[in-house]
Amino acid sequence: MLDEVKVRQFTELTTTDPQNELGFFSLGRVYLEGGAPREAIAPLMKTLAINPSLSRAYVLLAQSQIAVGDPEGAQTTLLKGYRVAQEHGDLMPRNQMADMLKEMGSSVPEETVAQLTPELQAAGQIQCRRCNRVGPKMSERPFGGPLGEQIHASICGPCFQLWIRQGTKVINELRLNLTDVASQDVYDQHMKEFLNLN
Ligand SMILES: [Zn+2]
């Protein structure tokens, strides 16, 4: 079921601000989730034209291309997106795209990943849930509550720094007001997706 309210909201955002990558991304996602993959393709391509490093946009674009019967287009998108996700340490989109490529019968370049040994763990290292790299734990929790605890226990410092930058963009581009519950939900959803939590 297409969410017409959100379509209007994100169309307005991207019309008044044509460089709003997250506005275009959100518009594409609403179309895809609402069963309109054909309409999702243009805004997702626009997202990637503004920011070619947004890994999640490749996943949604390829899903849309598959849904409209364009497997060649999807494969091109996935091969490019896989490289981008690899470079940026975006583990979840990278794995999703690897699975999609395998399903299409396409080969996927393998990568060897350092594993967290008990010795490294004892020395205060963690294996980051977002990038899968082994690195030092942040010196303290980024904020209070169970989510702050979870992030401290499972996300490396460089990934959390990347989220701070991305989170600012989420607030500005989607015009969130964090004193309001709906905005807070949108912000949390973006954070959990970005950090590969849940
Ligand atoms: Zn990380």
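Note that this is a predicted model, so its numbers are computed, not measured. (Residues numbered from 1 in each chain as written. Predicted model: local features only at pLDDT ≥ 70, side-chain atom pairs only at ≥ 80, totals over all residues.)

Peer 1: Mind showing me how you'd approach the domain arrangement of the protein chain here?
Peer 2: Think of interface size as the accessible area that goes away when the parts come together; that is how it is often given. Domain assignment breaks the protein chain into domain 1 (4-103) and domain 2 (118-195). Distance from the C-alpha centre of domain 1 to the C-alpha centre of domain 2: 22 Å. Taken together, the contact pairs eight residues of domain 1 with ten residues of domain 2. Here the side of domain 1 that touches domain 2 takes four residues from helix α2 (residues 21-33), the largest share from any one element. Considered class by class, the residues forming the side of domain 1 that touches domain 2 number two nonpolar, four polar and two charged. (Domains from an automatic or database assignment. Contact = placed C-beta atoms within 7 Å. Helix = DSSP H or I, 4+ residues; strand = E, 2+ residues; numbered from the N terminus. Nonpolar A, V, L, I, M, F, W, Y, C, P; charged D, E, K, R; others polar.)

Peer 1: Looking at this model, I keep getting lost on α2. Mind explaining?
Peer 2: Since the α-helix advances by 3.6 residues per turn, residues separated by three or four positions end up pointing in the same direction. Across its 13 residues, α2 extends 18 Å between first and last C-alpha, which sits within 8% of the 18 Å expected from 1.5 Å per residue. For α2, a buried count of eleven out of 13 residues is recorded, marking the element as mostly surrounded by other parts of the structure. For α2, the elements touching its buried residues are α1 (4-16), α3 (37-50), α4 (55-67) and α9 (157-173). A positive phi of about 80° marks Gly35, the residue just after α2. (Expected span 1.5 Å × (residues − 1). Buried ≥ 20, exposed ≤ 12 C-beta atoms within 10 Å, placed from the backbone.)

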